[in-house]
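Now for the letters of each chain:
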Amino acid sequence: MDLFAGVVPFVHVAEEASFRKAAARLGVTTAAVSKAVRKLEEDVGVRLLERTSRQVALTPEGIEFLERAREAVAQVRAARETVARAQRAPRGPLTVSLTHILAPVVLPRLARLQARYPQLTLHIRMDDRFSRMVDEHIDVALRVGELEDSSLVARRLLSTRWVTLASPAYLARHGTPAHPDELARHPCLKFVDPRGMAREWLFRREPGGRPETVRTRTGMDVNHGPALLDLAEAGAGPCQVLDFMLDARARDGRLVEVLAAHSAEGPPVHALCLPGWQSVPRVQALLKLLSEELRPGGRE
């Protein structure tokens, strides 16, 4: 026996005092509602509604039944909403690929995401090469740089700026450059990209001018971006990094920015995912958190 057969039509008829209005609410015919309520009365063995040509009224038994039926319908609706909400909640595995230089700014956000949604299992893959998202089962890739034409869906998370830094001790020994051209006499610390190429530095030769490459002397190069800050703090020379890489050493004066007036715009940071995946709850939650926290004024 279907315990709910006819219950919802009966509740609507009782609330509307009309079979026609109840049918309109339910999107069915008046005859279908009448048949459902009549079958319900047969099942319970009592008349629940008094019908006349002008009105519909509850019998005493109908009043009692309506009170319990409303409670039951409300409980079922709450149960359905709870289950639906649970299905919408981020859960399951989420594989995120990111470059090493993004780790200090992204990893604390991933920790907060997992704390917010304990049913997520995060798989973090750190690699500077461009991942094959399908082959490597990656849900979201976080990358620095302009994007090539691709079938992937991209969301811009962050705009960046190139920052040139040196330690106070180094500057005291070698002097502070006043113009990018003066870097020719400094042992600059360079980043080596995955192709094995040392990145040349970018400046605006004149404040407000267009960004252009300035060739500098290489004192040392390294293929790990955060290591540039370690070398610069040790006094090995100036380095150029993206502004999101700045840490406590820049805030407390162990590293000092030079040539700030000549600073150039850096490459953007994007989140990439396969088409359609941006609406998957676990991916959606990550994109929302990163978009909120990496925007200007977002959480540190």
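Residues numbered from 1 in each chain as written. Predicted model: local features only at pLDDT ≥ 70, side-chain atom pairs only at ≥ 80, totals over all residues. Heavy atoms only, no water.

The chain carries the name LysR family transcriptional regulator in an unreviewed UniProt entry, which gives Pyxidicoccus parkwayensis as its organism. Recorded in UniProt under Sequence similarities (unreviewed entry), the annotation for the chain is "Belongs to the LysR transcriptional regulatory family." (UniProt positions renumbered as here; feature names shortened; annotations may be inferred.)

Participant: Explain the packing of aromatic side chains to me, please; I cannot follow it from the model alone.
Facilitator: Aromatic rings in a pair are described by how distant their centres are and how their planes are angled relative to each other. Counted according to the given criterion, the structure contains 2 aromatic pairs. Between Phe10 and Phe65, the aromatic rings sit 5.4 Å apart at their centres with planes inclined by 70 degrees, giving edge-to-face as the arrangement. Separated by 55 residues along the polypeptide, Phe10 in helix H1 (residues 7–16) and Phe65 in helix H4 (residues 60–88) bring together distant segments of the chain. Overall, Phe65 belongs to the partly exposed group, its relative accessible area being 24%. Seen from the ring of Trp162, Arg199 lies directly overhead, with NZ or CZ sitting 3.6 Å from the centre. (Phe/Tyr/Trp six-rings, centres within 6.5 Å; stacked < 30°, edge-to-face > 60°. Helix = DSSP H or I, 4+ residues; strand = E, 2+ residues; numbered from the N terminus. Buried < 20%, exposed > 50% of the residue type's maximum accessible area, 1.4 Å probe, protein only. Lys NZ or Arg CZ within 6 Å of the ring centre and 35° of its normal.)

Participant: Where do I start with the packing of helix H5 (residues 103–116) against helix H9 (residues 281–294) in this structure?
Facilitator: Packed helices, taken two at a time, are described by their axes: the angle between them and the distance between them. The contact between H5 and H9 brings their axes to 10 Å, and the two run at 130 degrees. For the element pair H5 / H9, the angle class is oblique. In the packing of H5 onto H9, the handedness of the crossing is right-handed. For the pair H5 and H9, the contacting residues are Val105, Arg109, Leu110, Arg112, Leu113 and Arg116 in the first and Ala285, Leu286, Leu289, Leu290, Glu293 and Leu294 in the second. Grouping the amino acids of the contact of H5 with H9 by side-chain chemistry returns 8 nonpolar, no polar and 4 charged. (Axes fitted to C-alpha atoms, helices over the stretch in contact; angles between N-to-C directions. Parallel < 35°, antiparallel > 145°, perpendicular 65-115°, else oblique. Left-handed = near helix turned anticlockwise from the far one by under 90°. Contact = heavy atoms within 4.5 Å. Nonpolar A, V, L, I, M, F, W, Y, C, P; charged D, E, K, R; others polar.)

Participant: For this particular structure, what's the right way to read the side chain of Lys190?
Facilitator: If you trace the backbone, Lys190 turns up in strand S8 (residues 188–191). In terms of polar contacts, Lys190 uses its side chain to reach the side chain of Thr218, at 3.0 Å. When residues no more than four places from it in sequence are discounted, the contact partners of Lys190 are Ala198, Arg199, Glu200, Trp201, Thr216, Arg217, Thr218, Met220, Asp221, Val222 and Leu228. (Polar contact = N/O pair within 3.5 Å; in protein donor to acceptor, adjacent residues only side chain to side chain.)

Participant: What's the story with the pairing of strand S5 (residues 140–144) in this structure? I'm lost.
Facilitator: Successive side chains on a regular strand alternate, one facing one side of the sheet and the next facing the other. With 4 of 5 residues buried, S5 lies mostly within the body of the structure. Bridge count for strand S3 (residues 92–98) against S5 is 3 bridges, and the pairing is parallel. Counterpart to Ser97 in the pairing with S5 is Ala141. Judged from the 4 bridges that link them, S5 and strand S14 (residues 269–273) form a sheet pairing that is antiparallel. Within the sheet, the bridge partner assigned to Val144 lies in S14 and is Val269. (Pairing = 2+ DSSP bridges.)

Participant: Mind showing me how you'd approach a nonpolar patch on the surface here?
Facilitator: Taken together, Leu3, Phe4 and Val76 make up a surface patch of nonpolar side chains, about 280 Å² in accessible area. Looking at the secondary structure, you find Val76 in helix H4. (Patch = residues over 30% accessible without salt bridge, like charges linked within 9 Å, V, L, I, M, F, W, Y side chains within 5 Å. Areas by Shrake-Rupley, 256 points an atom, 1.4 Å probe, with all protein chains shown as cover. Salt bridge = Lys/Arg side-chain N within 4 Å of Asp/Glu carboxyl O.)

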